[in-house]
Amino acid sequence: MLYAILSEDAPGSLQRRVGARPAHLARLEALKADGRLVLAGPHPLIDSNDPGPAGFSGSLVVAEFDSRELAIAWASEDPYVAAGVYARVTVKPFKKVLP
């Protein structure tokens, strides 16, 4: 089943996000290589693909997991969690309708 992993950044975490980004992206690339990643990306704090020092308010990952428990376990091991980038992570079942 698909799961949406909604993460909210902690205030002032942009530099920690930048430092942990390579490891974070490597995990997403592994999901992609397994054919399980639907989409992933951050939420800029301003209306810009490159928000610069304004930073981000969080991230969204939609991917396939065998259970919600496995999705939660995967999300809890994210380098952004370990680096203190995320203040909160929510995992919800997701039903893709379109496209």
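Quick look at the structure, then. (Residues numbered from 1 in each chain as written. Predicted model: local features only at pLDDT ≥ 70, side-chain atom pairs only at ≥ 80, totals over all residues. Heavy atoms only, no water.)

## So, helix H2 (residues 68–76)
Moving on, step 1. Along H2, the positions that sit buried rather than exposed are Ala 71, Trp 74 and Ala 75. Looking down the long axis of H2, one finds its buried residues gathered within 95 degrees of arc, a one-sided arrangement.
Moving on, step 2. Buried residues in H2 make contact with strand S1 (2–9), helix H1 (14–33), helix H3 (79–82) and strand S4 (86–94). (Buried < 20%, exposed > 50% of the residue type's maximum accessible area, 1.4 Å probe, protein only. Helix = DSSP H or I, 4+ residues; strand = E, 2+ residues; numbered from the N terminus. Arc of directions from axis to C-beta. Contact = heavy atoms within 4.5 Å.)

## Looking at the nonpolar core
Moving on, step 1. Membership of the largest hydrophobic core is limited to eleven residues, which are Tyr 3, Ile 5, Leu 28, Leu 31, Val 61, Ala 63, Phe 65, Ala 71, Trp 74, Ala 75 and Val 91.
Moving on, step 2. Put simply, the parts of the chain that give this core at least two residues each are S1, H1, strand S3 (56–64) and H2.
Moving on, step 3. Tallying contributions element by element places H2 first for this core, with three residues.
Moving on, step 4. Among residues more than four places away in sequence, those in contact with Ala 63 are Met 1, Leu 2, Tyr 3, Leu 31, Arg 36, Leu 37 and Val 38. (Core = buried A, V, L, I, M, F, W, Y, C linked by side-chain atoms within 4.5 Å.)

## Re the environment of Pro 22
Moving on, step 1. Positionally, Pro 22 belongs in helix H1.
Moving on, step 2. With a relative accessible area of 58%, Pro 22 lands in the exposed category.

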